[in-house]
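# Analysis of the macromolecular model
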Amino acid sequence: MLALVLGGGGAKGAYEIGVWRALIELDIDSKIDIAVGTSIGSLNAAFVAQRDYDKAIEMWKKFDAGKLLHVDNYKALDEKQKTISSMQNVTKDILYEGGVELTEYLETVKKYIDENLVRKSKIRYAAVTVDITNQKPVEKLLKDMKKGQLAEYITASSSLAPALKPHEIEGVKHIDGGFFDVLPINLAVKMGADEVIAVDLNATGRIRKIEQPDKIKDIKYIRSYWNLGNVLVFDEQRVHRNMMLGYLDTMKLYGAFDGNAYTFIKSSNNKGLNASAKAKYDALQLEKSSGRKLFALADKIIERHWNILVTERNKYGIQKTNDILACAEMAAEVLEIDPTKIYTIDGLNQRIKEELAKLEEASFPTIKNELIQQLSKDIATITDEKQRIKYFATEIANDIKENRELWVQKLAPLFVKEFYVGLYIAVNDLV
């Protein structure tokens, strides 16, 4: 039996709707037997069980968090203003009211979730909350809820204390299920799941160890490489971005696209370098053109630092990437290129080139070998990572053109990311 497990994370939950879109397109949605969730995941799981993707999109696009958080003119504010105003008002409510009242949220759930449809669905549903009256976790299956209580338990599961008030059901106060299990895989297994798709929003909360791993034949985790934003800020642009990230990550997980932080059309070119750039890269490493090493990837100090950087990076996102593609993605990330688009390698390289062209050159002393120590200090004072990368790329490109030793290799142990990304940019003639 296949279970979709949706984690908690407040406004980050738009990512889960993007995941669902991909599962629909991949015809995996039709195979889901169980949908369980915590906090916002409990609401999204109800949409899945209800089989109403359009309603979910409508709710996410129209939800007015300003009413919930008592922020005037909420939709007109930008994301930063929404964050500041929301946190200010939430802090006041915590101090004077014991948290934000969830009446608006409850009404929204009742408006969009049709309990009768969820009960008739072939998909079995459950939500997680915490009973603070009796101090115990609650893993509530729909079949064990009284009629009319579905919206109540979704609201209870989403009551993120202390920002939001506990939600009371039949005299019992409940708070957010994330305090017990923010990603309720164990609940899905108890309900009979042996295959699991788990969407982790990287939110604050407890992720419990899987209690019966032998009962799971296959488990797939979907989590974003990118920061999905503030849990309390429902910003329209952020919602759209998170939906696209969820969609693209899921499509990558199932092999429809390539990439980790970024998304690429599947192609044999996705190793990251075209033939011309590959020849330059090989020449730098293997003495194929000049008969002497300009740069040795075997340098143990640089290589060790680089491997640590790539390993840490590959802990996030969907797919691991090779070193060269990691350079391309790092360059795009530093240059703030949109990760919600689908690229070819050449297309991403063109965007990198365009963004680099907008940057002014950083100016430093030219007698490099005598000033390495001072130059290292000077470069370290540049807080703009974009400028540092362009500086390294420009110096490497000049040395390649003149067929001379890459002097910035001496700086590489201190600026590993800048050096490797600069190397990628230089051999691709992007600067």
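Below, the structure is looked at part by part.

### Observations concerning the overall build of the protein
From N to C terminus, the protein includes 18 helices and eleven strands. Counting over 431 residues, the protein shows a buried share of 55%. Sequence separation of at least 24 residues holds for 71% of the intrachain contacts in the protein that already meet a minimum separation of 6. Summed over all atoms, the accessible surface of the protein reaches about 19,800 Å², with 49% contributed by carbon and sulfur.

### Observations concerning the sheet that holds strand β10 (residues 263-265)
Strand order in the open sheet formed by three strands is β9-β10-β11, with mixed pairing between adjacent strands. With partners counted over all chains shown, the strands left at the sheet margins are β9 (257-258) and β11 (342-343), one partner each. Inspection of the sheet shows β10 paired to β11 by two bridges, in the parallel sense. Pairing of Phe-264 across the sheet is with Tyr-343, part of β11.

### Remarks on helix α15 (residues 345-357)
Working note: α-helix, 3.6 residues per turn, so residues spaced by three or four point in the same direction. Between its first and last C-alpha, α15 extends 18 Å over 13 residues, near the 18 Å set by a 1.5 Å rise per residue. All buried positions along α15 are accounted for by Ile-345, Leu-348, Asn-349, Ile-352, Glu-355 and Leu-356. For α15, the arc enclosing every buried residue in end-on projection is 125°, short of the 170-degree limit, so these residues lie on one face. Residues Asp-346 and Ala-357 are exposed on α15 and point more than 90 degrees away from its buried face. Next to the buried residues of α15 lie β10, α14 (323-334), β11, α17 (385-401) and α18 (416-427).

### What about the pattern of salt bridges?
Where side chains of opposite charge bring their charged atoms close, a pairing between them can arise. As enumerated under the stated definition, the model contains 22 salt bridges in all. For Lys-31, the salt bridge identified is with Asp-27, shortest N-O distance 3.8 Å. A salt bridge links Glu-58 to Lys-62; the nearest nitrogen and oxygen atoms lie 3.8 Å apart. Note that Glu-58 and Lys-62 are positioned in helix α3 (residues 53-62) at a spacing of four residues, about one turn of the helix. Using a relative accessible area of 52% as the deciding quantity, one classes Lys-62 as exposed.

### With respect to the environment of Thr-204
Along the chain, Thr-204 turns up in the loop between β7 (195-200) and β8 (218-223). The class for Thr-204 is exposed, based on a relative accessible area of 81%. For the pair formed by Thr-204 and Gly-8, sequence separation is 196 residues and the distance between their alpha carbons is 8.4 Å.

### So, the pairing of β7
Burial of β7 is extensive: five of the six residues sit out of reach of the surface. The sheet contact formed by strand β1 (residues 2-6) and β7 spans five bridges and is parallel. Pairing of Ala-3 across the sheet is with Val-196, part of β7. Pairing geometry for β7 and β8, over six bridges, is parallel.

### Topic: the nonpolar core
Of all hydrophobic cores here, the largest spans 103 residues; its most connected members are Tyr-125, Ile-352 and Ile-425. Setting aside residues up to four positions removed in sequence, Ile-425 forms contacts with Ala-331, Ile-352, Leu-356, Ile-389, Ala-393, Leu-430 and Val-431. Judged by nonpolar contacts, the second largest core, of 21 residues, contains Ala-126, Ile-175, Met-191 and Ala-193.

### Things to note about α18
Here α18 spans 17 Å end to end across twelve residues, near enough to the 16 Å set by a 1.5 Å rise per residue. Judged by how many residues are buried, α18 sits mostly within the fold: eleven of twelve residues are covered. Within α18 the residues assigned to the buried category are Val-416, Glu-418, Phe-419, Tyr-420, Val-421, Gly-422, Leu-423, Tyr-424, Ile-425, Ala-426 and Val-427. Where α18 terminates, the next one or two residues include Asp-429, which has phi positive at roughly 55°.

### Remarks on the packing of helix α1 (residues 14-25) against helix α11 (residues 236-253)
Axis separation between α1 and α11 bottoms out at 6 Å; the angle between their running directions is 40°. Looking at the two axes, α1 sits oblique to α11. Judged by the twist between their axes, the crossing of α1 over α11 is right-handed. Here Ala-14, Tyr-15, Ile-17, Gly-18, Val-19, Arg-21, Ala-22, Leu-23 and Glu-25 of α1 come into contact with α11, specifically with Val-239, Asn-242, Met-243, Met-244, Leu-245, Gly-246, Tyr-247, Asp-249, Thr-250 and Met-251. Across the contact of α1 with α11, the residue classes tally to twelve nonpolar, four polar and three charged.

### A word on the environment of Asp-258
Secondary-structure assignment places Asp-258 in strand β9. A relative accessible area of 16% places Asp-258 in the buried class. Taking the C-alpha atoms as reference, Asp-258 lies 9.7 Å from Lys-320; in sequence the two are 62 residues apart.

### Looking at the packing of aromatic side chains
One pass over the full model with this rule turns up nine aromatic pairs. Taking the centre distance of 5.2 Å and the plane angle of 80° together, the rings of Tyr-225 and Trp-226 count as edge-to-face. Residue classification places Trp-226 among the buried residues on the basis of a relative accessible area of 14%. Clustering of aromatic rings is evident, with ring pairs tying together Tyr-225, Trp-226, Tyr-262 and Tyr-343.

### A closer look at the side chain of Asn-260
Tracing the chain through its elements places Asn-260 in the loop between β9 and β10. A distance of 3.4 Å separates a polar side-chain atom of Asn-260 from the backbone oxygen of Tyr-316. Of note is the side chain of Asn-260, whose polar atom sits 3.2 Å from the backbone nitrogen of Ile-318.

Reading the values: the criteria
Residues numbered from 1 in each chain as written. Predicted model: local features only at pLDDT ≥ 70, side-chain atom pairs only at ≥ 80, totals over all residues. Heavy atoms only, no water. Helix = DSSP H or I, 4+ residues; strand = E, 2+ residues; numbered from the N terminus. Buried < 20%, exposed > 50% of the residue type's maximum accessible area, 1.4 Å probe, protein only. Contact = heavy atoms within 4.5 Å. Areas by Shrake-Rupley, 256 points an atom, 1.4 Å probe, with all protein chains shown as cover. Pairing = 2+ DSSP bridges. Expected span 1.5 Å × (residues − 1). Arc of directions from axis to C-beta. Salt bridge = Lys/Arg side-chain N within 4 Å of Asp/Glu carboxyl O. Core = buried A, V, L, I, M, F, W, Y, C linked by side-chain atoms within 4.5 Å. Axes fitted to C-alpha atoms, helices over the stretch in contact; angles between N-to-C directions. Parallel < 35°, antiparallel > 145°, perpendicular 65-115°, else oblique. Left-handed = near helix turned anticlockwise from the far one by under 90°. Nonpolar A, V, L, I, M, F, W, Y, C, P; charged D, E, K, R; others polar. Phe/Tyr/Trp six-rings, centres within 6.5 Å; stacked < 30°, edge-to-face > 60°. Polar contact = N/O pair within 3.5 Å; in protein donor to acceptor, adjacent residues only side chain to side chain.

In short, the description is geometric, and any link to function would need to be established separately.
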